[in-house]
Amino acid sequence: MPLKAITPYFRYWRTIVALDREVVDAVVSPAHQGPSPELQSALEEWPGKHYWSYREGPNRLVLIRSLRPPPRERWWLHIVLFLVTFATVWMAGSVLVSPPANLAIPLSLDLREAWADIQAWISLAAPGLIFAAALMGTLLAHELGHYFVAQRYGVNASPPYFLPAPPWLNFIGTFGAFIRLRSPIVDRRQLLDVGAAGPWAGFVVAAVVLVIGLLRSEVLEGVEGVSQQLVYWGQRKVYLGDSILLRVVRESLLGEGTFVLHPLALAGWVGLLVTMLNLLPLGQLDGGHILYSLIGRHQGKVGLLMLYGLVVLGFVYKFYGWWIWAALILLLGRGRISHPSVLDPCRPIPASRWPTGLATAVLFVVTFTPDPLHIL
């Protein structure tokens, strides 16, 4: 359907061509507001996406269509990365069990010692599989949340890329996952919807597995007067930090005490941590997307305060992971903590999107974990 077939229904319009997309910002003629049956029929034939911008008036319409076929996806790469990451997370989960296990990486040249190590890993395969399935499900839900909402707006988005990590370097076995947005974002409404969908989808899965896992967790005997949780990493204890939400849920379900987390509860804890880290209002993290959608260019000022805050948290809690995370954000953003502009930064987000944005900000606050973990 050529553009000229739909322009007779417009009073005036402008067209923006950005990479592989054509964006039409139109003001509909009074006779066709509503829309009229004729305009509705034309919109159904439009080879792309469209939505109304009611905050700018009942006649403002945005249309988006692709100018060329999307690139062929390398599905084999995404599947391989998913399977390899599942394997490394499975290995990591096999270590994070109770009671503490004396495990070694099976690299010994002595075949009997190597076989004994392999047997020790195999004996812990079941809890490792439970942890891997729950955590990978959470990460997958997060990325698919972004992916499907991006597709709804006609944004060219890649399938998720999963990043494996050797479990002896990263105790959860993964550096996370991401998708690539290969088309520019048109306005702040799109940015908010795409940015918020991932954290909420991942949070729902993480919350479910957390509750189920907490109900299966064990009380650590001989420790009184402390409310916390831990897991074992071989012979070492890993004390896991609390967020407001986690503490309320744990004490509501289990009361006070020190608990050794079930693999499902650990996966839920990691899922909440990943949600929180992505909601930091920095650069092109999900939190940066959402805050820029709400307050525009002022996001950079809040982001700078948050960056300083991460540095301070590293000193206060002696958790130097905050410094590493801040450095990675600066590296990936090429030194920028402010969010890049969308194509039309002046178009306001609809009033209907503010509750989503504010609820996501609350989600960040209640999942924020100032002192994530300590290994003893």
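Once a new chain begins, its residue numbering starts again from 1 and follows that chain's sequence as written. Given that the model is predicted, a residue must reach a pLDDT of at least 70 before its local features are reported, and side-chain atom pairs must reach 80 or more before they are shown or counted; all residues, however, enter totals for whole chains, interfaces and linings. The side-chain numbers reported here are obtained from all heavy atoms of the structure, hydrogens and water having been left aside.

### A short note on helix α2 (residues 75-95)
Every α-helix winds through 3.6 residues per turn, so residues three or four apart in the chain are directed the same way.
Then step 1. Along its 21 residues, α2 runs 31 Å from first to last C-alpha, staying within 8% of the 30 Å computed at 1.5 Å per residue.
Then step 2. Taken residue by residue, α2 has Leu77, His78, Thr85, Phe86, Thr88, Val89, Ala92, Gly93, Ser94 and Val95 as its buried positions. Per the convention used, a helix needs a DSSP run of H or I reaching at least four residues, while a strand needs a run of E reaching at least two, with both numbered from the N terminus. For a helix, the expected span equals 1.5 Å multiplied by the residue count minus one. For each residue, the accessible area found with a 1.4 Å probe, counting protein chains only, is set against the maximum for its type, and the residue is called buried under 20%, exposed over 50%, and partly exposed in between.

### Thoughts on the layout of surface pockets
Then step 1. Each pocket or cavity is described by its volume, and for the second largest pocket that value is around 240 Å³.
Then step 2. In terms of lining, the second largest pocket is formed by 19 residues, of which the most central are Arg21, Gln151, Gly154, Val155 and Asn156.
Then step 3. Counting residues per element, the ones that place at least two in the lining of the second largest pocket are β4 (60-66) and α4 (125-152).
Then step 4. By residue number, the principal contributor to the lining of the second largest pocket is β4, which donates three residues. A cavity here means a set of 1 Å grid points, computed over protein atoms only, where a 1.4 Å probe fits but cannot escape. A pocket is an open set with protein on both sides within 12 Å along at least 5 of 7 lines, and lining residues have an atom within 4 Å of a point. Grid points are joined across faces, edges and corners, and a volume is the space filled by probe spheres set on the points.

### A look at the side chain of histidine 262
Then step 1. Relative to the elements of secondary structure, histidine 262 occurs in the loop between β10 (258-260) and α7 (263-278).
Then step 2. Of note is the side chain of histidine 262, whose polar atom sits 3.0 Å from the backbone nitrogen of leucine 264.
Then step 3. Setting aside residues up to four positions removed in sequence, histidine 262 forms contacts with Ile130, Gly213, Arg216 and Ser217. Think of a polar contact as two N or O atoms within 3.5 Å of one another; within protein, one of them needs to be a possible hydrogen donor and the other a possible acceptor, and neighboring residues in sequence only count if both atoms come from side chains. Two residues qualify as a contact provided that any one of their heavy atoms is within 4.5 Å of a heavy atom in the partner residue.

### Regarding the sheet that holds strand β1 (residues 10-18)
Then step 1. Between any two strands, at least two bridges found by DSSP are needed for them to pair. The four strands lie next to each other as β1-β2-β4-β3, forming an open sheet whose pairing is antiparallel. Strand pairing shows two members of the sheet lacking a second neighbour, β1 and β3 (49-52), which therefore form its edges. Across the sheet, the mean angle from the axis of one strand to that of its neighbour is 15°, orientation sign disregarded.
Then step 2. As a rule, the C-alpha atoms of each element are fitted with a line to give its axis, helices using only the stretch in contact, and angles between N-to-C directions run from 0 to 180 degrees. Across the sheet, helix α1 (residues 37-45) touches β2 (21-28), β3 and β4, and the angle it forms with β3 is around 140°.

### Focus: the environment of phenylalanine 259
Then step 1. The topology assignment puts phenylalanine 259 in strand β10.
Then step 2. Take phenylalanine 259: its relative accessible area is 3%, and that puts it in the buried class.
Then step 3. Along the chain, phenylalanine 259 and leucine 220 lie 39 residues apart, while their C-alpha atoms are 5.4 Å from each other.
Then step 4. Beyond its immediate stretch of four places on either side in the chain, phenylalanine 259 contacts Glu218, Val219, Leu220, Gln228, Gln229, Leu230, Arg250 and Leu254.

### As for the nonpolar core
Then step 1. Within the largest apolar cluster, 56 residues are counted, with the highest numbers of intra-cluster contacts made by Leu280, Leu282 and Trp322.
Then step 2. Broken down by element, this core gets its largest block of residues, 10 residues, from α7.
Then step 3. Non-local contacts of leucine 282, meaning those with residues more than four positions away in its chain, are made with Gly288, Gln299, Gly303, Met306, Leu307, Leu310, Ile329 and Ile337.
Then step 4. Here, nonpolar core refers to any group of buried Ala, Val, Leu, Ile, Met, Phe, Trp, Tyr and Cys residues whose side-chain atoms link them within 4.5 Å. Of all hydrophobic cores here, the second largest spans 18 residues; its members include Ile64, Ala150, Ala157 and Val342.

### Digging into the environment of alanine 326
Then step 1. Tracing the chain through its elements places alanine 326 in helix α10 (residues 321-332).
Then step 2. Residue alanine 326 is classed as buried on the basis of its relative accessible area of 5%.
Then step 3. Expressed as a C-alpha distance, the spacing of alanine 326 and tyrosine 308, which sit 18 residues apart in the sequence, is 9.1 Å.
Then step 4. Contact partners of alanine 326, with chain neighbours within four places excluded, come to Leu307 and Leu310.

### A look at the sheet that holds strand β11 (residues 373-375)
Then step 1. Taken together, the five strands give an open sheet; going across it, the order is β7-β10-β8-β9-β11, and neighbouring strands pair in mixed fashion. Among the strands making up the open sheet, the edge pair consists of β7 (218-219) and β11.
Then step 2. Where strand β9 (residues 236-240) lies against β11, three bridges are found, and the strand directions are antiparallel. Counted as the bridge partner of valine 238 is isoleucine 375 from β11.

### Section: the side chain of arginine 250
Then step 1. Tracing the backbone shows arginine 250 in helix α6 (residues 244-254).
Then step 2. The exposure class assigned to arginine 250 is buried, which follows from its relative accessible area of 0%.

### Observations regarding the environment of valine 209
Then step 1. Assignment of secondary structure puts valine 209 in helix α5 (residues 188-215).
Then step 2. Taking C-alpha positions, valine 209 is 9.9 Å from glycine 137, a pair spaced 72 residues apart along the chain.
Then step 3. In this structure, valine 209 is in contact with Ala134, Leu264, Ala265, Ala267 and Gly268, ignoring residues within four places of it in sequence.

### Quick look at the packing of aromatic side chains
What describes a pair of aromatic rings is the distance from one ring centre to the other and the angle between the planes of the rings.
Then step 1. Ring geometry is summarised as follows: Phe, Tyr and Trp rings, the Trp one being its six-membered ring, pair when their centres sit within 6.5 Å, and such pairs are stacked at plane angles under 30 degrees, edge-to-face over 60 and tilted between the two. Counted according to the given criterion, the structure contains 14 aromatic pairs.
Then step 2. A centroid spacing of 5.8 Å and a plane angle of 15° characterise the contact between tryptophan 322 and phenylalanine 368, whose relative ring orientation is stacked. Separated by 46 residues along the polypeptide, tryptophan 322 in helix α10 and phenylalanine 368 in the loop between α11 (354-367) and β11 bring together distant segments of the chain. In this structure, tryptophan 322 and phenylalanine 368 share a single accessibility class: buried.
Then step 3. Ring geometry for phenylalanine 364 against phenylalanine 368: centres 5.6 Å apart, planes inclined by 65°, an arrangement best described as edge-to-face. As far as the burial class goes, phenylalanine 364 and phenylalanine 368 line up, both buried.
Then step 4. Through successive ring pairs, a cluster of aromatic residues spans Phe82, Phe86, Trp90 and Phe162.

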